Amino acid sequence: MSEQLFEDVACTVCACVCDDLRVTVRDGRIVDYQPFCSRIGNWFEQQNSQPFPAALQSGAEVAFEQAIDQAATILRQSRSPLFYGLSRSSTEGQRAAVALADRLGATIDTTASEGHAPSILALQQVGESTCSLGEIRNRADLVIYWGSDPIQWQPRHLERYSMKAGMLTPGGRADRTLIVVDSKRTETADLADHYLEVEKDQDFEALWTLRGLLRGVEPRPGSRTGLPLDQLRDLAQRMKTCRCGIIFFGYGLVLQPMGNNNVQALLQLVTELNQYTRFYARRMRVAGDVSGADSVLCWQTGYPFSVNLARGYPRYSPDEFSAADMLERRETDAVVLIGSSRLDCFSPAALDHLQRVPTILLEHPFGEISFEPTVRITTAIYGIHRPGTAYRMDEVPIPLRPLLPSEFPSDGEVLNAIHAALSTRS
Ligand code: SF4
């Protein structure tokens, strides 16, 4: 019996990308991991699951080479291919996807377009005051989660950053004030010193009132303020007088009608707070490497998501080139899915078109999808079977190490094989 203990393993289940796990591998199987995290579920156990076909074509098992040929044929015949996904990939796979999309003059989009796209639009307008999560651990004495429930989506975020003892916060939780602003009570709210229940879809009013209060401007009587005025006055005072503050904001703020205006107001508020003290804002990303997908697309094309390469140069237009919009308007005739995350966010019209056109799915063995893709190729997982790099939610790159061998190729290797097939057989 052989047993190996891997220390400082990075987890890519969520965008925290915690890199402090200890994973025990016995006889080629993962048998334990520490410390526990509720979001991991059976992620590690699934790696020991039954063998899965290397490739399927219309549901029937085929050789890998045949699947690559079929994928190349689909893409060669396509006039408007679309690449979508990438948030469960790694830098290598994301680069390979951009290179292939560029070769084909395709559109490439990431799951950010179904998530923090409004935040990205807002920060492109007004900028953002950013920091690493390590800086929060070491400095922040005021931590605000706005429209975000890390206990559910990023369970170890509080333990590792917002409550952990740091250089200027040796008492950890005791040295911090934790505030949750949300429209419904969450598990995170139960741990907070103060929970402020903002009226549904009135975050903008609350943020705008806070901006005024910072300058000493009171709202007119009867104005909508989203939160009771005395709570907003108290919050403004706490923000101004803290040593270092942070607002972590999530989908509860972002995925509202005109969510980009909410985020813009929040980012402007944080910028103005820096006249009084040190203050930051950070997005609470959800998927494992969605920040990496933003970063790779940015350095390769100049834009973070929804990029069209059909004219030989990148064009960025979120409403026009998001995967969901292109599918709804039936403007694509072949789709490459690099992972199947967030397909459940698509409208029925988008899903309907997705099932009508040829689809090539690159997915790990137990990734689930509600329809049968034309070609499905099983891929290895970065950080389990392959080395790679994932970007944490604060855009810090974290190296991923392999723990188990795998006969499956990585998504980057599959994309490179399709690229080569297009080049040699065109
Ligand atoms: S918080 Fe996220 S990255 Fe960290 S261990 Fe849990 S699932 Fe993994």
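Nothing here was measured: the structure is a model prediction, and the numbers come from that model.

Chemist: What is the right way to look at the site of the ligand in this model?
Modeler: Residues in contact with the ligand, as listed here, are Cys 11, Val 13, Cys 14, Cys 16, Val 17, Cys 18, Cys 37, Arg 39, Ile 40, Pro 155 and Arg 156. Across the shell around the ligand, the residue classes break down as nine nonpolar, no polar and two charged.

Chemist: Hey, could you run me through the nonpolar core in this one?
Modeler: Most often, soluble globular proteins have nonpolar side chains that are buried together. Core analysis: the biggest nonpolar cluster contains 41 residues, and Leu 21, Val 23, Ile 40 and Phe 44 have the highest contact counts within it. Those residues in contact with Leu 21 that lie beyond four places of it in its chain are Phe 6, Glu 7, Asp 8, Val 9, Cys 11, Tyr 33, Gln 34, Pro 35, Ile 40, Phe 44 and Arg 156.

Chemist: What's the story with the packing of aromatic side chains in this structure? I'm lost.
Modeler: For any pair of aromatic rings, the description rests on two quantities: the centre-to-centre distance and the angle between the ring planes. What the rule picks out here adds up to seven aromatic pairs. Ring centres of Trp 43 and Phe 366 lie 6.0 Å apart, and the angle between their planes is 85 degrees; this geometry places the pair in the edge-to-face category. In this pair, Trp 43 sits in helix α1 (residues 43-46) while Phe 366 sits in the loop between β16 (359-363) and β17 (375-378), placing the two residues 323 residues apart along the sequence. Neither Trp 43 nor Phe 366 differs from the other in exposure class; each is buried. Residues Tyr 84 and Phe 346 carry aromatic rings whose centres are separated by 5.2 Å and whose planes lie at 50 degrees to one another, so their mutual orientation is tilted. Taken together, the residues Tyr 84 in strand β6 (residues 81-85) and Phe 346 in the loop between β15 (334-338) and α16 (348-356) connect sequence positions 262 residues apart. Neither Tyr 84 nor Phe 346 differs from the other in exposure class; each is buried. Through successive ring pairs, a cluster of aromatic residues spans Tyr 303, Phe 305 and Tyr 316. If you follow Arg 88 out to its NZ or CZ, it ends over the ring of Trp 43, 5.9 Å from the centre. Here the guanidinium or amino end of Arg 211 rests over the ring plane of Trp 208, the centre of that ring lying 4.5 Å away.

Chemist: Before we go on, may I ask you to explain the pattern of salt bridges in this structure?
Modeler: Opposite charge on two side chains permits pairing when their charged atoms draw close. In the structure shown here, the tally under the stated rule is 24 salt bridges. For the salt bridge of Glu 128 with Arg 283, the shortest nitrogen-to-oxygen distance reads 3.9 Å. In this pair, Glu 128 sits in the loop between α4 (117-126) and α5 (133-139) while Arg 283 sits in strand β12 (residues 278-283), placing the two residues 155 residues apart along the sequence. You can call Glu 128 partly exposed: its relative accessible area is 27%. A relative accessible area of 5% means that Arg 283 is categorised as buried. Salt-bridge contacts for Arg 283 lead to Glu 395; the nearest nitrogen and oxygen are separated by 3.2 Å. Taken together, the positions of Arg 283 in strand β12 and Glu 395 in the loop between β18 (388-391) and β19 (397-400) put the pair 112 residues apart, joining distant regions of the chain. Among the charged side chains, a network of salt bridges with common partners joins Glu 128, Arg 282, Arg 283, Arg 285, Asp 294 and Glu 395.

Reading the values: rules and limits
- Residues numbered from 1 in each chain as written.
- Predicted model: local features only at pLDDT ≥ 70, side-chain atom pairs only at ≥ 80, totals over all residues.
- Heavy atoms only, no water.
- Near = heavy atom within 4 Å.
- Nonpolar A, V, L, I, M, F, W, Y, C, P; charged D, E, K, R; others polar.
- Core = buried A, V, L, I, M, F, W, Y, C linked by side-chain atoms within 4.5 Å.
- Buried < 20%, exposed > 50% of the residue type's maximum accessible area, 1.4 Å probe, protein only.
- Contact = heavy atoms within 4.5 Å.
- Phe/Tyr/Trp six-rings, centres within 6.5 Å; stacked < 30°, edge-to-face > 60°.
- Helix = DSSP H or I, 4+ residues; strand = E, 2+ residues; numbered from the N terminus.
- Lys NZ or Arg CZ within 6 Å of the ring centre and 35° of its normal.
- Salt bridge = Lys/Arg side-chain N within 4 Å of Asp/Glu carboxyl O.

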